[in-house]
Amino acid sequence: DAGITQSPRHKVTETGTPVTLRCHQTENHRYMYWYRQDPGHGLRLIHYSYGVKDTDKGEVSDGYSVSRSKTEDFLLTLESATSSQTSVYFCAISEGTGDPLAKNIQYFGAGTRLSVL
Amino acid sequence: GQNIDQPTEMTATEGAIVQINCTYQTSGFNGLFWYQQHAGEAPTFLSYNVLDGLEEKGRFSSFLSRSKGYSYLLLKELQMKDSASYLCAGSDYKLSFGAGTTVTVRA
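(A) Local environment of the packing of aromatic side chains. In the structure shown here, the tally under the stated rule is 18 aromatic pairs over all chains. Aromatic pair Phe90 of chain A and Phe108 of chain A: ring centres 6.4 Å apart, planes at 85 degrees, arrangement edge-to-face. In this pair, Phe90 of chain A sits in strand β9 (residues 87–94) while Phe108 of chain A sits in strand β10 (residues 107–108), placing the two residues 18 residues apart along the sequence. The class for Phe108 of chain A is buried, based on a relative accessible area of 10%. Note on Phe108 of chain A and Phe97 of chain B: the rings are 6.1 Å apart at their centroids and 75 degrees apart in plane angle, and the pair reads as edge-to-face.

Right, here's the structure in full:
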């Protein structure tokens with residue numbers, strides 16, 4: 001299994017509070033991603049990173065920010081949580097370089113279940 | 001971006017074969033992925049097609065036709081443990097996922 005750790009695994013918070021989710025990898029992969037998964041919508045990309053301090057927005061980035069100060073860590077922050085951000089959040093990684101058939105395969109962490117009350 | 005379309009649910013009997021279809025419309029294309037996701041767990045990688053044709057991995061096979069924007073995942077000799085959601089994802093260097101097909105395997 002790819003070495004990806006998400007923390008916390010479960011969190012309950014109140015509307016308006018800031019929340020930070022952490023993704024830590026031990027694979028030294030270049031690319032890291034944050035997704036949310038909701039019933040009927042599948043996995044939707046929030047933000048991704050293609051290197052230290054290099055990040056870009058996905059399709060559902062409003063209300064979220066990210067930071068990547070080290071190769072191994074990618075943080076997702078909800079500046080002021082809302083009930084619509086109740087979801088399961090997955091981090092994923094991919095090599096981004098090397099074997100053309102392998103470099104784009106994404107491997108997922110176990111997920112964080114977030115409830116905003 | 002990509003529009004990915006796959007059926008919502010399928011049911012099959014243990015030992016049977018099931019084919020999950022996926023159609024996509026892309027503004028750029030760099031491959032078609034299939035993932036398996038058991039309830040409450042993370043998606044796990046099954047297969048990746050870049051070129052047209054069939055890729056076989058044991059009981060699972062995946063097919064791609066780029067000209068038709070079409071792929072399928074074939075699950076053979078179904079087992080109870082194959083009950084899961086199967087996610088089709090198109091790649092233009094970022095993945096765009098379909099909503100997933102829930103496969104239920106009955107005894």
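So, next bit.
(B) Broad picture of the state of the cysteines. Taken as a whole and assessed by the stated rule, the structure comprises two disulfides over all chains. Between the sulfur atoms of Cys23 of chain A and its disulfide partner Cys91 of chain A the distance amounts to 1.9 Å. In this structure, the disulfide formed by Cys23 of chain A and Cys91 of chain A twists by about -70 degrees around the S-S bond and is classed as left-handed. Taken together, the residues Cys23 of chain A in strand β3 (residues 19–25) and Cys91 of chain A in strand β9 connect sequence positions 68 residues apart. No difference in accessibility class separates Cys23 of chain A from Cys91 of chain A, as the two residues are buried. The disulfide that involves Cys22 of chain B links it to Cys88 of chain B, with 1.9 Å between the sulfurs. A torsion of -70 degrees about the S-S bond marks the disulfide between Cys22 of chain B and Cys88 of chain B as left-handed. Residue Cys22 of chain B is located in strand β3 (residues 18–26), and its partner Cys88 of chain B is located in strand β9 (residues 84–91); the two are separated by 66 residues in the primary sequence. Comparing Cys22 of chain B with Cys88 of chain B shows no difference in burial state: the two are buried.

(C) Quick peek at the confidence of the model for chain B. Taken as a whole, chain B shows an average pLDDT of 93; of its residues, 97% reach a score of 70 or greater. Considering each helix and strand of chain B separately, the mean pLDDT is smallest for strand β1 (residues 2–5) of chain B, with a value of 86, and largest for strand β11 (residues 101–106) of chain B, with 98.

(D) Molecular detail of the interface of chain B and chain A. Contacts between the two partners involve 17 residues from chain B, matched on the other side by 19 residues from chain A. Together, the buried faces of chain B and chain A total about 1,400 Å²; carbon and sulfur atoms form 61% of this surface. The interface formed by chain B and chain A contains zero salt bridges. The set of elements that each furnish at least two residues to the side of chain B that touches chain A consists of β4 (32–37), β5 (44–49) and β10 (95–97) of chain B. Considered class by class, the residues forming the side of chain B that touches chain A number 12 nonpolar, three polar and two charged.

(E) Summary view of the side chain of Thr13 of chain A. Residues and elements named next belong to chain A. Residue position: Thr13 is located in strand β2 (residues 10–13). Thr13 gets classed as buried once you look at its relative accessible area, which sits at 10%. Those residues in contact with Thr13 that sit more than four places away from it in its chain are Val19, Ala81, Leu114, Ser115, Val116 and Leu117.

(F) Broad picture of the environment of Thr102 of chain B. Residues and elements named next belong to chain B. Of note, Thr102 is situated in strand β11. It is 6.4 Å that separates the C-alpha atoms of Thr102 and Tyr86, two residues lying 16 residues apart in sequence. Discounting chain neighbours no more than four positions away, the residues touching Thr102 are Thr8, Glu9, Met10, Ala84 and Ser85.

(G) The pairing of β4 of chain B, seen in detail. All names here are of chain B. Taking burial as the measure, the six residues of β4 include six buried ones, the bulk of the element. Alignment of β4 against β5, held across five bridges, turns out to be antiparallel. Pairing of Trp34 across the sheet is with Ser47, part of β5. Between β4 and β5, which pair antiparallel and follow one another directly, the connecting turn spans six residues, one of which, Gly40, has a positive phi of 80 degrees.

Rules used throughout
Residues numbered from 1 in each chain as written. Chains lettered and ligands numbered in written order. Predicted model: local features only at pLDDT ≥ 70, side-chain atom pairs only at ≥ 80, totals over all residues. Heavy atoms only, no water. Phe/Tyr/Trp six-rings, centres within 6.5 Å; stacked < 30°, edge-to-face > 60°. Helix = DSSP H or I, 4+ residues; strand = E, 2+ residues; numbered from the N terminus. Buried < 20%, exposed > 50% of the residue type's maximum accessible area, 1.4 Å probe, protein only. Disulfide = S-S within 2.5 Å. pLDDT = per-residue confidence, 0-100. Contact = heavy atoms within 4.5 Å. Buried area = accessible area lost by both parts, 1.4 Å probe. Salt bridge = Lys/Arg side-chain N within 4 Å of Asp/Glu carboxyl O. Nonpolar A, V, L, I, M, F, W, Y, C, P; charged D, E, K, R; others polar. Pairing = 2+ DSSP bridges.

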